[in-house]
Amino acid sequence: MSLLTFLLVVVGVAGMFLLLIAPHEGGHFLFAKLFKVRVIEFSIGAGPRLWSITRNGTLYAIRAFPILGYVRMGGMEADDLEDPSGFHSKSAWQRIVILAGGPAANFLFAMLLVTGFLLTQVNTDPGKVFTVVAGSPAAAAGMRVGDSIRGVNGKPFDHPGVIQEVEQVSPGSPLTLSGVHADGQPFTYVVTPKPDAQGHPRWASGCRSSC
């Protein structure tokens, strides 16, 4: 393993730890502040302090090794249990919420990441072609991956299923598909459907799109 590869692995692992640690500790911190628990320190990382600042009696710190993190609250140490604004001064349900805040923040953060990723995969072009099968009617007509079908026999391609609707009106008849290539250049294809395994004339057996 080269030095560069090793460093990339280290950075990647550290980043994964931060994605787990920061929301988790942030959840504890948020509810502790909400219930007016005295927060002594909120740190991300372990080891020597790289940066810190104190605001309203709380030390915020970033430490050298991004493998741990913690929220240090008043009333959680042996000589500090009677702190009137400490963790143990709060009601049982408030303490439970503070403790559960970390896992809840992890869950919410994970859901946001997954939702964000899925939103980037949403196809807003109902006629975009993702796959063209070799030897199919679509391939024979010259269709390419990345093409965007905008019309079928003069009917606007404005929703999924347009091609199927047109095929049902005139089974087996040639289809005139108009649209634009991925580079923005216009195209017109004449596709002659061929029977599928059940004997139904289909052109789409050679194309995969949101249609």
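It should be emphasised that the depicted structure is a prediction, and the values quoted were computed from it without experimental measurement.

Assigned secondary structure in the protein consists of 4 helices and 10 strands. Listing each helix as α and each strand as β along the protein from the N terminus yields α-β-β-α-β-α-β-β-α-β-β-β-β-β. Against the compact-globule benchmark of 17 Å for 211 residues, the protein has a radius of gyration of 30 Å, which places it well outside the compact range. Looking at the 211 residues of the protein, the share that counts as buried comes to 33%. Considering only contacts in the protein between residues 6 or more positions apart, those separated by 24 or more positions represent 52%. On the protein, roughly 12,600 Å² of surface is accessible, and the fraction owed to carbon and sulfur atoms is 67%. Averaging the locations of the 16 positively and 14 negatively charged side chains of the protein gives two centres separated by 3 Å.

Quick look at the sheet that holds strand β4 (residues 148-152) now. Ordered in space as β5-β4-β6-β7, the 4 strands form an open sheet in which the pairing is antiparallel. Of all strands in the sheet, those with a lone pairing partner are β5 (155-156) and β7 (186-191), marking the two edges. Pairing analysis gives 2 bridges linking β4 to β5, with the strands arranged antiparallel. Note on β5: the bridge partner recorded for G151 is P156.

It is worth spelling out the nonpolar core at this point. Within the largest apolar cluster, 14 residues are counted, with the highest numbers of intra-cluster contacts made by M143, I149, V152 and L177. Counting only elements with at least two residues in this core, the list comes to β4, α4 (162-169), β6 (175-180) and β7. V152 has contacts with F157, V162, I163, V166, L175, T176 and L177, leaving out every residue within four places of it along the chain. Ranked by size, the runner-up nonpolar core spans 12 residues in total, among them V37, F42, V71 and I98.

Count 3.6 residues to each turn of an α-helix, and residues three or four apart come out pointing the same way. Helix length check: helix α2 (residues 92-120), at 29 residues, gives a terminal C-alpha distance of 42 Å against a target of 42 Å (1.5 Å per residue), a fit within 8%. The largest bend in α2 amounts to roughly 40 degrees and is located at G101, with the proline P103 lying one to four residues further along. Along α2, the positions that sit buried rather than exposed are Q94, I98, G101, G102 and A105. Against the buried residues of α2 lie α1 (3-34) and β2 (58-73).

Where α1 meets α2, the axes come as close as 7 Å, and the angle between the chain directions of the two elements is 140 degrees. Put simply, α1 runs oblique to α2. In the crossing of α1 with α2, the sense of the turn from one axis to the other is right-handed. Residues L19, L20, P23, H24, G27, H28, F31 and A32 of α1 lie in contact with α2, whose contacting residues are V97, I98, L99, G101, G102, P103, A105, N106 and F109. Per-class residue counts for the contact of α1 with α2 are 11 nonpolar, 6 polar and no charged.

In this section: α1. For α1, spanning 32 residues, the distance from its first C-alpha to its last is 45 Å, which sits close to the expected 46 Å at 1.5 Å a residue. Every buried residue belonging to α1 is among A14, I21, P23, E25, G27, H28, F29 and A32, and all of these are buried. Packing partners of the buried residues in α1 comprise β1 (39-55), β2 and α2. Just downstream of α1, K36 is the residue with a positive phi angle, here 60 degrees.

The next thing to look at is unusual backbone geometry. Of note, K36 is a non-glycine position whose phi angle comes to about 60 degrees, a positive value. Even without being glycine, N153 reaches a positive phi, approximately 50 degrees. With respect to the helices and strands, the residue N153 is situated in the loop between β4 and β5. Take N153: its relative accessible area is 41%, and that puts it in the partly exposed class.

Rules and cut-offs
- Residues numbered from 1 in each chain as written.
- Predicted model: local features only at pLDDT ≥ 70, side-chain atom pairs only at ≥ 80, totals over all residues.
- Heavy atoms only, no water.
- Helix = DSSP H or I, 4+ residues; strand = E, 2+ residues; numbered from the N terminus.
- Rg over C-alpha atoms; globule rule 2.2 N^0.38 Å.
- Buried < 20%, exposed > 50% of the residue type's maximum accessible area, 1.4 Å probe, protein only.
- Contact = heavy atoms within 4.5 Å.
- Areas by Shrake-Rupley, 256 points an atom, 1.4 Å probe, with all protein chains shown as cover.
- Lys, Arg positive; Asp, Glu negative; His and termini not counted.
- Charge placed at Lys NZ, Arg CZ, Asp CG, Glu CD.
- Pairing = 2+ DSSP bridges.
- Core = buried A, V, L, I, M, F, W, Y, C linked by side-chain atoms within 4.5 Å.
- Expected span 1.5 Å × (residues − 1).
- Bend = angle between axes of the 7 residues up to and from the residue.
- Axes fitted to C-alpha atoms, helices over the stretch in contact; angles between N-to-C directions.
- Parallel < 35°, antiparallel > 145°, perpendicular 65-115°, else oblique.
- Left-handed = near helix turned anticlockwise from the far one by under 90°.
- Nonpolar A, V, L, I, M, F, W, Y, C, P; charged D, E, K, R; others polar.

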